[in-house]
Amino acid sequence: MIISVPKTLRRLLFIVIFVALSCLFYNIMDLLHSWMGPVPDPDIPEGSAVRAFSGIQPGGGAMNPAERLRLYYWYGE
C-alpha cells in the first residue's frame, strides 16, 4: 500500500483547520448566548418571603437600540 505524504498532510491540515474553525464558531455562539441570555436571578427568598416581579414598562423609552435588540432576541417576539 502506497501512502502519499503530501496528500496525507493536506488532509491533516484540513482536519486541523476544520476543528479550529468549529471551536471558534462554538465560542462565538457561546458569547452571543451569554449576551442575549436573561439577567441572572437573585437569590431565592427564604422562609415566608416573596419575590416581587418588576417588569419592563411597555413604553421603555429609556432603552437604547442595542438593549431593545437584545430584549427582542431574548423574548423571540
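Placed above this text is the structure.
Please read all numbers here as calculations on a predicted model, not as lab measurements. (Residues numbered from 1 in each chain as written. Predicted model: local features only at pLDDT ≥ 70, side-chain atom pairs only at ≥ 80, totals over all residues. Heavy atoms only, no water.)

Student: Give me the lowdown on the overall build of the protein chain, citing residues and values where you can.
Tutor: In terms of helices and strands, the protein chain carries two helices and zero strands. Counting every position in the protein chain, which comprises 77 residues, the buried fraction comes to 3%. Accessible surface for the protein chain amounts to roughly 7,600 Å². Of this, 68% is attributable to carbon and sulfur atoms. (Helix = DSSP H or I, 4+ residues; strand = E, 2+ residues; numbered from the N terminus. Buried < 20%, exposed > 50% of the residue type's maximum accessible area, 1.4 Å probe, protein only. Areas by Shrake-Rupley, 256 points an atom, 1.4 Å probe, with all protein chains shown as cover.)

Student: Residues and numbers for the packing of aromatic side chains, please.
Tutor: On inspection of all chains with the given rule, the structure shows one aromatic pair. Here Phe14 and Phe18 contribute two aromatic rings whose centre-to-centre distance is 6.3 Å and whose plane-to-plane angle is 20°, an arrangement assigned as stacked. With Phe14 and Phe18 both in helix α1 (residues 5–36), this residue pair falls four residues apart, about one helical turn. According to the relative accessible area criterion, Phe14 is exposed, its value standing at 58%. (Phe/Tyr/Trp six-rings, centres within 6.5 Å; stacked < 30°, edge-to-face > 60°.)

Student: Explain a nonpolar patch on the surface residue by residue, including any values.
Tutor: A grouping of Leu13, Ile17, Leu21, Leu24, Phe25, Ile28, Met29, Leu32, Trp35, Leu69, Tyr72 and Tyr73 is seen on the molecular surface, where their side chains present a nonpolar patch of about 1,200 Å² in accessible area. Put simply, the parts of the chain that give the nonpolar patch at least two residues each are α1 and α2 (65–75). At nine residues, α1 tops the list of elements feeding residues into the nonpolar patch. Mapped onto the secondary structure, Leu32 falls in helix α1. (Patch = residues over 30% accessible without salt bridge, like charges linked within 9 Å, V, L, I, M, F, W, Y side chains within 5 Å. Salt bridge = Lys/Arg side-chain N within 4 Å of Asp/Glu carboxyl O.)

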